[in-house]
Amino acid sequence: MQQQSSSSDHKQKRAKFHNEEEDPIINHLPDGIPVTILSKLPINEAARTCILSRKWRHLWRFFSGALQFDGSPVMKDMKKDIGKASGRQLQMAMEIMFDAERKTYTNWINELLSSLKSPTLEGLRFWFHVATDYDVGKWLQYAVQKKVQKLELYFGHSFEYVLPLNLFKVENFESLCVLRLKFITLTNEMLEYLLCCCPSLETLSLISSGVPNSMKISSSYSSGSSSLKLKCLELVRCWELSKLEVCAENLVSFKYCGPHLDTEFRSVPRLVEAAFGGSYVEFIRESFLSQIKVLKLDITQNVPQVVYWLSQLPELKNLKHLELVTCVEDGIILGTCALLLKASPSLRRFTLKMLNMNAIFRREKTLSKECEYSVKELELVGFCGATCEVELVMYMLENAVLLQKIIIDTRFPRKPKLRPKRAFPKFGSCFGTSQENTIFGGSCLSLK
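As the structure is a computational prediction, the values presented were derived from the model and not from experiment.

K.L.:
Looking at this structure, how should I read the overall build of the chain?
P.N.:
Looking only at helices and strands, the chain features eleven helices and 17 strands. Looking at the chain as a whole, 45% of its 448 residues qualify as buried. Across the chain, contacts joining residues at least 24 apart in sequence account for 67% of those joining residues at least 6 apart. Split by element, the accessible area of the chain, about 23,700 Å² in all, is 51% carbon and sulfur.

K.L.:
Explain the packing of aromatic side chains here, please?
P.N.:
To describe a pair of aromatic rings, one takes the distance between the centres and the angle between the planes. For the structure on display, the rule yields 19 aromatic pairs. Measuring from centroid to centroid gives 4.6 Å for Phe-126 and Trp-139, while their planes differ by 0°, and the two rings are stacked. Of this pair, Phe-126 sits in strand 2 (residues 123–127) while Trp-139 sits in helix 6 (residues 134–145), and the two are 13 residues apart along the sequence. Each member of the pair, Phe-126 as well as Trp-139, is classed as buried.

K.L.:
I tried to follow helix 11 (residues 387–399) on my own but got confused; where do I start?
P.N.:
It helps to recall that an α-helix has 3.6 residues per turn; residues three or four apart then point in one direction. Compared with the 18 Å implied by 1.5 Å per residue over 13 residues, the 18 Å span of helix 11 between its first and last C-alpha is a close match. Turning to helix 11, its buried residues number three or more, namely Thr-387, Cys-388, Glu-389, Glu-391, Leu-392, Val-393, Tyr-395, Met-396 and Asn-399.

K.L.:
Where do I start with the side chain of Asp-298 in this structure?
P.N.:
When you line up the elements, Asp-298 lands in strand 12 (residues 294–298). Buried charge without a partner: Asp-298 forms no salt bridge, and the closest opposite charge is Lys-255, 8.3 Å away. Among the polar contacts listed, one links the side chain of Asp-298 to the side chain of Thr-300, at a separation of 2.7 Å.

K.L.:
Where do I start with the packing of helix 10 (residues 332–342) against helix 11 in this structure?
P.N.:
Any two packed helices are characterised by how steeply their axes cross, that is the angle between the axes, and by the distance between the axes. It is at 9 Å that the axes of helix 10 and helix 11 come closest, and there the two elements cross at 30°. Relative to helix 11, helix 10 is oriented so that their crossing is right-handed. Contacts between helix 10 and helix 11 involve Ile-333, Leu-334, Cys-337, Ala-338 and Leu-341 from the former and Cys-388, Glu-391, Leu-392, Tyr-395 and Met-396 from the latter. For the contact of helix 10 with helix 11, the residue count by class is nine nonpolar, no polar and one charged.

K.L.:
What should I look at first to understand the confidence of the model for the chain in this one?
P.N.:
Should pLDDT be low for a region, the predicted coordinates there are not to be read in detail. Residues of the chain with pLDDT of at least 70 account for 79%, and the chain-wide mean is 81. In this model, residues 418–440 is a region of pLDDT below 50 whose contacts with residues beyond four sequence positions or in other chains number 56 contacts.

K.L.:
I tried to follow the environment of Glu-315 on my own but got confused; where do I start?
P.N.:
With respect to the secondary-structure elements, Glu-315 resides in the loop between helix 9 (305–310) and strand 13 (321–326). Residue Glu-315 is classed as exposed on the basis of its relative accessible area, which comes to 52%. Through-space distance from the C-alpha of Glu-315 to that of Leu-341 is 10.0 Å; in sequence the pair is 26 residues apart. Residue contacts for Glu-315: discarding those within four places in its chain leaves Ser-290, Ala-343 and Pro-345.

K.L.:
Which parts of the structure should I look at to understand helix 6?
P.N.:
With twelve residues, helix 6 should reach 16 Å at 1.5 Å per residue; the first-to-last C-alpha distance of 17 Å fits that figure. For helix 6, the set of buried residues is Asp-135, Val-136, Gly-137, Trp-139, Leu-140, Tyr-142, Ala-143 and Val-144. Packed against the buried residues of helix 6 are helix 5 (88–115), strand 2, strand 3 (150–154) and helix 7 (165–168). Count one or two residues on from helix 6 and you reach Lys-147, which has phi positive near 55°.

K.L.:
I would appreciate a short explanation of unusual backbone geometry in the present structure.
P.N.:
One non-glycine residue, Lys-147, lies in the positive phi region at around 55°. Within the secondary structure, Lys-147 is located in the loop between helix 6 and strand 3.

K.L.:
Whenever I open this one, the sheet that holds strand 10 (residues 262–265) confuses me. Can you help?
P.N.:
Strands pair in a sheet through their backbones, by hydrogen bonds, and they do so in one of two ways: parallel or antiparallel. Within the open sheet, the three strands sit side by side as 6-8-10. Their pairing is parallel. Whereas interior strands pair on both sides, the edge strands pair on one side only; in this sheet they are strand 6 (214–218) and strand 10. For this sheet, the mean angle separating the axes of adjacent strands, direction not counted, is 5°. The pairing of strand 8 (residues 243–247) with strand 10 spans four bridges and is parallel. Residue pairing in the sheet places Glu-245 in a bridge with Glu-264 of strand 10.

K.L.:
What's the story with the pattern of salt bridges in this structure? I'm lost.
P.N.:
Close approach of charged atoms allows side chains with opposite charge to pair. Going through the model one piece at a time under the given rule, you end up with twelve salt bridges. Two residues, Glu-323 and Lys-353, come together in a salt bridge whose shortest N-O distance is 3.5 Å. Placement of the pair is Glu-323 in strand 13 and Lys-353 in strand 14 (residues 349–354), with a sequence separation of 30 residues. Judged by relative accessible area, which is 13%, Glu-323 ranks as buried. Taking relative accessible area as the criterion, Lys-353 reaches 25% and is therefore assigned partly exposed. As a salt-bridge pair, Arg-349 and Glu-379 come within 2.8 Å of each other at their nearest N and O atoms.

K.L.:
I keep staring at the environment of Lys-55 and nothing clicks. Help me out?
P.N.:
Relative to the assigned elements, Lys-55 resides in the loop between helix 3 (43–48) and strand 1 (66–69). Separated by 27 residues in the primary sequence, Lys-55 and His-28 place their C-alpha atoms 9.2 Å from one another.

K.L.:
Help me understand the environment of Tyr-373 in this model?
P.N.:
With respect to the secondary-structure elements, Tyr-373 resides in the loop between strand 14 and strand 15 (377–381). Beyond its immediate chain neighbours, meaning those up to four positions away, Tyr-373 contacts Ala-338, Leu-341, Lys-342, Tyr-395, Asn-399, Ala-400, Val-401 and Leu-402.

K.L.:
Sorry, what's going on with the pairing of strand 11 (residues 273–278) here?
P.N.:
Here is the key point about a regular strand: its side chains alternate between the two faces of the sheet. For strand 11, a buried count of five out of six residues is recorded, marking the element as mostly surrounded by other parts of the structure. Sheet topology note: the strand 9 (residues 253–258)/strand 11 ladder contains six bridges and is parallel. When the sheet's bridge partners are listed, Gly-258 is paired in strand 11 with Gly-278. Examined bridge by bridge, strand 11 and strand 12 share four bridges and lie parallel to one another. Bridge pairing links Ala-275 to Lys-296 in strand 12.

Thresholds, definitions, all that
Per chain, the residues get numbers from 1 upward, laid out in the order the sequence is written. Thresholds applied to this predicted model are a pLDDT of at least 70 for local features of residues and 80 or more for the giving and counting of side-chain atom pairs; totals over whole chains, interfaces and linings are not thresholded and use all residues. Heavy atoms from the whole structure form the basis of all side-chain values; hydrogens and water molecules are not counted. Put simply, DSSP H or I for four residues or longer makes a helix, DSSP E for two residues or longer makes a strand, and each gets a number counted from the N terminus. Residue exposure (1.4 Å probe, protein chains only): buried if accessible area is under 20% of the type maximum, exposed if over 50%, otherwise partly exposed. In this analysis, two residues are considered to be in contact whenever any of their non-hydrogen atoms come within 4.5 Å of each other. Note on areas: Shrake-Rupley with a 1.4 Å probe; residue coverage comes only from the protein chains shown. Any two of the Phe, Tyr and Trp rings considered here, Trp counted by its six-membered ring, make a pair once their centres fall within 6.5 Å; the pair's planes then place it as stacked at under 30 degrees, edge-to-face at over 60, or tilted in between. To estimate the expected span of a helix, count its residues, drop one, and scale the result by 1.5 Å. Neither His nor the chain ends is counted toward charge; the positive residues are Lys and Arg and the negative residues Asp and Glu. Here a salt bridge means any side-chain nitrogen of Lys or Arg lying within 4 Å of a carboxyl oxygen belonging to Asp or Glu. Between N or O atoms, a polar contact is any pair within 3.5 Å; within protein, one atom must be a potential hydrogen donor and the other a potential acceptor, and residues adjacent in sequence are included only when both atoms are from side chains. Every axis corresponds to a line fitted to the C-alpha atoms, with the helix fit spanning only the stretch in contact, and the corresponding angles, defined between N-to-C directions, vary from 0 to 180 degrees. Each crossing gets its handedness from the near helix: less than a right angle anticlockwise from the far helix is left-handed, clockwise is right-handed. Residues are grouped as follows: nonpolar covers Ala, Val, Leu, Ile, Met, Phe, Trp, Tyr, Cys and Pro; charged covers Asp, Glu, Lys and Arg; every other residue, Gly included, is treated as polar. By definition, pLDDT measures how confident the predictor is in each residue, and it falls between 0 and 100. Whether two strands pair comes down to DSSP finding at least two bridges between them.

Okay, here's the thing in structure tokens:
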């Protein structure tokens, strides 16, 4: 009897401890605070909190954060294995298994979306290979109903999908701030809708997407007297595009990678960041270059003709950071860098990313002192000790009188995919050399 009484007292003390100590922390919080916390977590982690207490059992259903569906880990592994399969029968069997896993993953997405009760969602990302457009239509309707702010769509490079205007036209998509599309066709009518009926749109990114032959990004589409809020415009490998007209007073960043393009920029007073790549080299004619502060150039597809274009480059009087990506192996590197440095009197940071196929170790040239540059930081990414790289370092040490830091990064930079349906050759491994007053990897030694 005494033992049973002691056990009962112990249980009462534990219950009293839980009621007094744990309940105020978890169960007594206002409903809005736990939901806000859960919305900052990934959805799978938010759902796990249902085991904390009875009050938290269903709180995850009011999740209002960003949902990202990038495909299950099993799908990603199977997709890699299908390409490596040797026999046709084995490949077909693996494709059947992949379709089954994809269907299971799609059903899980639909079940999850139907379980959420929050009236809004911060973002939706569907970034995996789908089989049909049946579920895609429902997902887009869901995005409009939930008033998402960020929408990212990629359904596979072999899945031809045209963004349907009728799904969005039900009501103005006033909440949409960021739209990223990859391998999705955007019609001229859909573009007009985005500019007219999405007054909060700040970022528009189109990657390998079908677009109209001529695009006009202008506040003239906006309803009323409100100006276009677009701040970031990215057009990458949109092969159908041949003419672009931009009139956006709030535009801050512009990126273009692709073939020749006729452009007209009017009223872009806030544009300070620009990136160009592909076979497009006529960017030197853009009227906004004098106001650019950050410029990224990928010249892997337009050398040596790019040297001629850069020789006509106007003065970039406000440029502070210049990034140059090239796969040139030899002497053109130094000439290209010299042209860019001469055109940038206020440059503070210069980054060179080398995509070398073969490092050339020839006899160094004797370089004369050209002029004094204002660069304070030089970064060499993909450094392999080639002669042209060593020459550039020596050239900068002689001409950049304010140079304080040199960063040597031997890690291989990610190679951009610029040409359609064409693979680049594989590169060899890089190696680095020890040099005083430089940064290797992450360590830093300043120049004195």
